[in-house]
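Read off the chains here:
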Amino acid sequence: MATKKKDLTNGPLSAVLFQVRYTPILNIERYIPAIQDYCRKAGFPLINRMRGDMIHINQNGEIEKIAIEQWVFASADYQRTLIIDTEKLTFQVFDLSNYVFKELLDTFIQFMHKIDTLVEISLINRIGLRFINTIEEKPELGWRRAIKPEFQGYPFPDDVDWADKELFSWTLQKNVKLIEPNIWSNFYARIYQDATGRKYPGDIIRDPDGDIDYVSSKSLVTYIDLDHFILFSNEEKEVIIPKIKEIFVALHKVIESVFFSSLITKEAEQVWSK
């Protein structure tokens, strides 16, 4: 990750996402031209408009689909994208060969401050940081040797005819007390697989035109998906924004610690460092 990523020259880190969610700005479309002009000058010249549906469960337990529109501002190679809609701002980074966490964080905060001056965010209800690692099956290192055994599930009875090619999935969610800035957070870790070799999980959109990225072998991949976030009860932005950098640094520290200290093996560190 940030401090140790330099040691993992061939590490599996494939995507980093920063996100801030706020109370709805229903007339967000009127601000898009000004946002686009700023993004264009800041190195995000491409713009796409996406339409889709969001699933919402109401108080009666009934499921309803809500139409949403998103605007995607991207670098010329689509390796960095900024996605904005009525309720959230998301910064996605895919080219991580020489990344420095502090630089990415500074970039996101600059965008957030500029967009806030344009749309005047009122209340903030979520801040999140997500790191996705994609482990490609290779002769020198497969996922079972890269991830510690205790995170590979539990043994099942031998007298049952289990399918040999089933995909593995493991999930854990924990509450975490962040010493600085003295707040409780939510840590969500998932390990899951894709048999087709997609480089990114299905909910990640790198190219709005629909092109899908695959690992070179297009074989089984295993994702280590770490999502660390804080939920707020519609907190005033004047309370959150002054310490938002401190919050993201604290979120990242936990992600980095879990990845290196708990999840991956020493063998994986050695192979990915070559």
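Remember, predicted model here, so these are calculated numbers, not experimental data.

Draft legend 1. Broad picture of the overall build of the protein chain. In terms of helices and strands, the protein chain carries six helices and nine strands. A compact globule built from 274 residues should have a C-alpha radius of gyration of about 19 Å, and the protein chain, at 20 Å, falls within 12% of that. Its C-alpha atoms put the protein chain at 60 × 50 × 40 Å along the principal axes. The buried share of the protein chain, reckoned over its 274 residues, is 47%. Within the protein chain, counting contacts between residues at least 6 apart in sequence, those at least 24 apart form 72% of the total. Accessible area for the protein chain stands at about 14800 Å²; split by element, carbon and sulfur atoms hold 49% of it. Seen as two clouds, the 34 positive and the 40 negative side-chain charges of the protein chain have centres 5 Å apart.

Draft legend 2. The arrangement of the packing of helix α2 (residues 101–119) against helix α5 (residues 244–263) in detail. For the pair α2 and α5, the least separation of the axes is 11 Å and the interaxial angle reads 140°. In the crossing of α2 with α5, the sense of the turn from one axis to the other is right-handed. Residues F101, K102, L105, D106, F108, I109 and M112 of α2 lie in contact with α5, whose contacting residues are I244, K245, F248, V249 and H252. Of the residues assigned to the contact of α2 with α5, the class counts are eight nonpolar, one polar and three charged.

Draft legend 3. Here's a closer look at unusual backbone geometry. Following E180, the chain continues into P181 via a peptide bond in cis, with omega recorded as 20°. The topology assignment puts P181 in the loop between β7 (169–178) and β8 (183–194). Backbone geometry at N182 places phi at a positive 60°, although glycine is not the residue there. In this structure, N182 sits in the loop between β7 and β8. Residue N182 is classed as exposed on the basis of its relative accessible area, which comes to 55%. Positive phi, normally seen in glycine, also occurs at N234, with a value near 50°. Position of N234 relative to the elements: it lies in strand β9 (residues 221–236). Owing to a relative accessible area of 40%, N234 belongs among the partly exposed residues under this scheme.

Draft legend 4. Just the layout of surface pockets, in detail. Within this model, the second largest pocket holds a volume of roughly 570 Å³. Along the wall of the second largest pocket there are 25 residues; nearest its centre are N10, G11, P12, T134 and K138. Looking at the lining of the second largest pocket, the elements with two or more residues in it are β1 (13–22), β6 (123–136) and α6 (266–272). The leading source of residues in the lining of the second largest pocket is β6, at three residues. When the residues that make up the lining of the second largest pocket are grouped by side-chain class, the tally is eleven nonpolar, seven polar and seven charged.

Draft legend 5. Structural detail: the pattern of salt bridges. One pass over the full model with this rule turns up 16 salt bridges. Where K237 meets D116, a salt bridge forms, and the shortest distance between an N and an O atom there is 2.9 Å. Of this pair, K237 sits in helix α4 (residues 237–240) while D116 sits in helix α2, placing them 121 residues apart in sequence. The pair formed by K237 and D116 is uniform in burial state, with each residue classed as buried. Through salt bridges with shared partners, a single ionic network connects E29, R49, R51 and E69.

Draft legend 6. Representation of the nonpolar core in the model. Formed by 69 residues in total, the largest nonpolar core has its most connected members in F18, I84 and I127. In terms of residues, this core owes the most to one element, α5, which gives eleven residues. Non-local contacts of F18, meaning those with residues more than four positions away in its chain, are made with L89, T90, F91, F101, L104, L105, F108, G128, L129 and F248.

Draft legend 7. Quick peek at the packing of aromatic side chains. Here the structure, examined in full by the defined rule, presents 16 aromatic pairs. Geometrically, the ring pair formed by W143 and F168 is stacked, given 5.0 Å between the ring centres and 25° between the ring planes. Residue W143 is located in helix α3 (residues 143–146), and its partner F168 is located in the loop between α3 and β7; the two are separated by 25 residues in the primary sequence. By way of ring pairs, the aromatic residues F18, Y38, F44, F91, F101, F108, F111, F131 and F248 are connected into one cluster. Lying across the ring of Y31, R30 places its NZ or CZ 5.2 Å from the centre. Stacked on the ring of Y214, the Lys or Arg K218 has its end atom at 4.9 Å from the ring centre.

So, how was this worked out
Residues numbered from 1 in each chain as written. Predicted model: local features only at pLDDT ≥ 70, side-chain atom pairs only at ≥ 80, totals over all residues. Heavy atoms only, no water. Helix = DSSP H or I, 4+ residues; strand = E, 2+ residues; numbered from the N terminus. Rg over C-alpha atoms; globule rule 2.2 N^0.38 Å. Buried < 20%, exposed > 50% of the residue type's maximum accessible area, 1.4 Å probe, protein only. Contact = heavy atoms within 4.5 Å. Areas by Shrake-Rupley, 256 points an atom, 1.4 Å probe, with all protein chains shown as cover. Lys, Arg positive; Asp, Glu negative; His and termini not counted. Charge placed at Lys NZ, Arg CZ, Asp CG, Glu CD. Axes fitted to C-alpha atoms, helices over the stretch in contact; angles between N-to-C directions. Left-handed = near helix turned anticlockwise from the far one by under 90°. Nonpolar A, V, L, I, M, F, W, Y, C, P; charged D, E, K, R; others polar. 1 Å grid on protein atoms, 1.4 Å probe; cavity = no way out; pocket = protein on both sides within 12 Å on 5 of 7 lines; lining within 4 Å. Points joined across faces, edges and corners; volume = space filled by probe spheres on them. Salt bridge = Lys/Arg side-chain N within 4 Å of Asp/Glu carboxyl O. Core = buried A, V, L, I, M, F, W, Y, C linked by side-chain atoms within 4.5 Å. Phe/Tyr/Trp six-rings, centres within 6.5 Å; stacked < 30°, edge-to-face > 60°. Lys NZ or Arg CZ within 6 Å of the ring centre and 35° of its normal.

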